[in-house]
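Below, each chain spelled out in residue letters.
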Amino acid sequence: MAHVELSLSEVFAPAASTEQESDNFGQWSGMVSRAAEPCLLIDEGTTVVAISSSGCDLLCLGAPDDVIGLPLLEGGLRLVDFTASPSELTEQETDKIPPLLALHSGRLARGLLRVQGPGSDAGRTVDAISTPVLTDGAVAGSLTFLSAV
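Below: a short report on this structure.

Rules and cut-offs
The written sequence of each chain sets the order in which its residues are numbered from 1. Given that the model is predicted, a residue must reach a pLDDT of at least 70 before its local features are reported, and side-chain atom pairs must reach 80 or more before they are shown or counted; all residues, however, enter totals for whole chains, interfaces and linings. Working from all heavy atoms in the structure, the side-chain values ignore hydrogens and water. Secondary structure elements follow DSSP: runs of H or I of four or more residues count as helices, runs of E of two or more count as strands, with numbering from the N terminus. Only protein chains enter the accessibility calculation, which uses a 1.4 Å probe; a residue whose area is less than 20% of its type maximum is buried, one above 50% is exposed, and one in between is partly exposed. Any two residues having at least one pair of non-hydrogen atoms within 4.5 Å are treated as being in contact. Directions pointing from the helix axis toward each C-beta atom define the arc. Strand pairing requires that DSSP identify at least two bridges connecting the strands. Lining residues are defined by having an atom within 4 Å of a point belonging to a cavity or pocket. Those points lie on a 1 Å grid over the protein atoms alone, cavities being sets where a 1.4 Å probe fits but cannot get out and pockets being open sets with protein on both sides within 12 Å along at least five of seven lines. Grid points are joined across faces, edges and corners, and a volume is the space filled by probe spheres set on the points. Residues are sorted three ways: Asp, Glu, Lys and Arg are charged, Ala, Val, Leu, Ile, Met, Phe, Trp, Tyr, Cys and Pro are nonpolar, and all the rest, Gly among them, are polar.

### Some remarks on the overall build of the chain
Consideration 1: A tally of regular secondary structure across the chain gives 5 helices and 5 strands.
Consideration 2: Its helices and strands in sequence order give the chain the pattern α-β-β-α-α-α-α-β-β-β, from N to C terminus.
Consideration 3: In the chain, which comprises 149 residues, the proportion classed as buried is 37%.
Consideration 4: Excluding contacts between residues fewer than 6 apart, the proportion of contacts in the chain whose partners are at least 24 apart in sequence is 42%.

### A short note on helix α1 (residues 24–34)
Consideration 1: Regarding α1, the residues found buried are Phe25, Ser29, Gly30 and Val32. Here the buried residues of α1 occupy an arc of 165° about the axis, which is enough to place them on one side.
Consideration 2: Those residues of α1 hidden inside the fold are in contact with β1 (39–43), β2 (48–51), β4 (124–135) and β5 (138–148).

### Considerations on unusual backbone geometry
Consideration 1: The backbone of Thr46 shows a phi angle near 70°, a positive value even though the residue is not glycine.
Consideration 2: By the secondary structure assignment, Thr46 is in the loop between β1 and β2.
Consideration 3: Of note in this structure, Asp136 is not a glycine but carries a positive phi near 55°.
Consideration 4: When you line up the elements, Asp136 lands in the loop between β4 and β5.
Consideration 5: A relative accessible area of 80% means that Asp136 is categorised as exposed.

### Observations regarding the pairing of β2
Consideration 1: As paired strands, β1 and β2 are joined by 3 bridges and run antiparallel to one another. Looking across to β2, one finds that Leu41 is bridged to Ala50.
Consideration 2: Linking two consecutive strands that pair antiparallel, namely β1 and β2, is a turn of 4 residues; a positive phi of about 70° is found at Thr46 within it.

### Focus: empty space enclosed by the protein
Consideration 1: In this structure the tally under the stated criterion is 1 cavity of 30 Å³ or more.
Consideration 2: Considering only enclosed or pocket space, the largest cavity measures out at about 40 Å³ in volume.
Consideration 3: A per-class count over the lining of the largest cavity returns 8 nonpolar, no polar and no charged.

Structure, rendered in structure tokens:
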């Protein structure tokens, strides 16, 4: 017959902090920065707070450090229309892209983007799904997951 001994010891639990590490928005920021998937987090002022390396590659933006802290549409992101000879989107059209639509509407948004990189003629099509990120019940930004089409 087998003999099993069981001993109980004190469970190690980190000390409770009087200050939360970060809010919901801050937690998403850390997750996006470390994510393998292409994703992007912007704040309520449309500033890029976090972007994954694969998100930068897909959107032709270089390195995350080159984009973080800049407004989404001024950080090198070049959005063009779906015509045969692509031209840059107008401000009225860019307001309807999923990251901004989710931010302003407070609702889920999905759509296709055509991104043109430096020296690229045709551009690439990207599927974007965005959701608002809440802090204390108010929209603090939007989180977008991206994939190549």
